[in-house]
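One letter stands for each residue in the lines below.
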Amino acid sequence: MTASFHEMWQELRPIGRNSSSGGYRRYAWTGADADCRAWFKAQAEARGLAYELDRNGNQWAWLGATGYQDVAPGDAVVTGSHLDSVPDGGAFDGPLGVVSSFAALDELRGRGTELDKPLAIVNFGDEEGARFGLACVGSRLAAGALTTEAAHQLRDGDGTTLPQAMERAGYDPEAIGPDPERLARIGAFVELHVEQGRALDLSGDPVGIASAIWPHGRWRFDFHGEANHAGTTRLEDRRDPMLSYAATVLAAREQARLAGALATFGKISVEPNGVNAIPSLVRGWLDSRAPDQDTLDTVINGIERAAAERAARDGVDLTVVRESFTPVVEFQHALRDELSAILAKTGERTVPVLGTGAGHDAGILSGTIPTAMLFVRNPTGISHSPAEAANEDDCAAGVTALADVLEGLACH
Ligand code: GLV
Ligand code: MN
Ligand code: MN
């Protein structure tokens, strides 16, 4: 572990960490997010990089340019990730990529490497979508995969809209929107990320290259029943949406198991949320992912059908809304092969190429610019939890691999 990596890690460590869970709560446009952003800006300035905040609140630190306007189309090599987290997330998902990007730049400077192309390090805003329900808002907006109008409608659990949250954090929500001019300057975006599974641990490799991301999405199931007294309402007189919800959770598991897919209800809200009241509304959010589109469609249709059948039996009204969707991402083969060749040349043994079910900004941008990902071994395989891990030697191997890749891509 280099001194610079260690120092950066120590500085970020306390930001947004909940002392009782040990997990991170770095949600978009909150105080913890502002502290992470201040940290990013300070890292850029400490290295003499040109700092830029784009129209969507993504942060950029440029070497060899004062901003994207200086860069010829397709010339920039960009690396980075995100600093926000899921509720009680781990330390590595996102920050490992940003910290490793700065550390890789330090390593290149230590090597005396002169880059021929402009390099940028980026922190994409609101990757996890923990607050407003939609993942990768910063990169989606930039790529035009989320319209300004739709973004303005996003609301958090307290009813605060995205524009209100941005305004309170000192940003201009009217500025958000597609950023094709900026993206056109980028020839390659490489995101380093902690692995969110155990493939590298099992293969015995510290670093891997991404092949593809499964198609995935989020669906909101609203089960509307009738609030009533838990102690006086006969079972046959109830319209209890919790029953319909519970049956739907089991159906989701069954559909996913049968199809070789994944389906998770990880978030729920209940109204009126009283221990002695039958709920009037149960709202559950389904996250589902599958190796291909047809399988995902089959799973979602099966879950919706089961939910509708059960809701009808319970006298409950059901509405299902797809809140977000990301189609399958097959990372560009040419760039992926280039990464493999660079890493093979610099003496590391053949780097495994692996797929993932996790979403990433690199996946969103892959439809617009060439993108690739490096994964760093996670010995627990756990992610979106404080148990997420990466050991020091593997983090160092990740930094060196990223430095090699940036050098290979940015030097003629
Ligand atoms: C983001 O990490 C996601 O895959 O949901
Ligand atoms: Mn994540
Ligand atoms: Mn991530």
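About the criteria used
Residues numbered from 1 in each chain as written. Chains lettered and ligands numbered in written order. Predicted model: local features only at pLDDT ≥ 70, side-chain atom pairs only at ≥ 80, totals over all residues. Heavy atoms only, no water. UniProt positions renumbered as here; feature names shortened; annotations may be inferred. Helix = DSSP H or I, 4+ residues; strand = E, 2+ residues; numbered from the N terminus. Polar contact = N/O pair within 3.5 Å; in protein donor to acceptor, adjacent residues only side chain to side chain. Near = heavy atom within 4 Å. Areas by Shrake-Rupley, 256 points an atom, 1.4 Å probe, with all protein chains shown as cover. Nonpolar A, V, L, I, M, F, W, Y, C, P; charged D, E, K, R; others polar. Buried < 20%, exposed > 50% of the residue type's maximum accessible area, 1.4 Å probe, protein only. Pairing = 2+ DSSP bridges.

Per an unreviewed UniProt entry, the recorded name for the protein chain is Allantoate amidohydrolase, and the organism is Streptomyces inhibens.

What follows covers the UniProt feature "binding site: allantoate" (unreviewed entry) in the protein chain. With numbering aligned to this structure, UniProt lists the feature "binding site: allantoate" (unreviewed entry) at R218, N276 and R289. An extended arrangement is adopted by the annotated residues: their sequence extent is 72 residues, and the largest C-alpha distance between any two is 35.8 Å. Residue placement: R218 occurs in strand β7 (residues 216-224). Within the structure, the side chain of R218 is placed 3.0 Å from the backbone oxygen of E128, a separation counted as a polar contact.

Once that is clear, we can look at the site of ligand 1. Around ligand 1, a shell composed of E128, R289, A358, G359 and H384 is seen. Residue E128 places a side-chain N or O atom 3.1 Å away from an oxygen atom belonging to ligand 1. H384 places a side-chain nitrogen or oxygen 3.1 Å from an oxygen atom of ligand 1. Protein contacts shield 94% of the accessible area of ligand 1, which totals 190 Å² for the unbound molecule. Of the residues in the shell around ligand 1, the class split is one nonpolar, two polar and two charged.

Turning next to the pairing of strand β4 (residues 119-124). For β4, the buried fraction is high: six of the six residues fall into the buried class. Neither face of β4 is left uncovered, since the one carrying L119, I121 and N123 and the one carrying A120, V122 and F124 both have all their residues buried. With five bridges joining them, strand β2 (residues 59-63) and β4 adopt antiparallel strand pairing. Each bridged residue has a counterpart across the sheet, and for W62 the counterpart in β4 is A120. Here six bridges tie strand β3 (residues 76-82) to β4, and the two strands are oriented parallel to one another.

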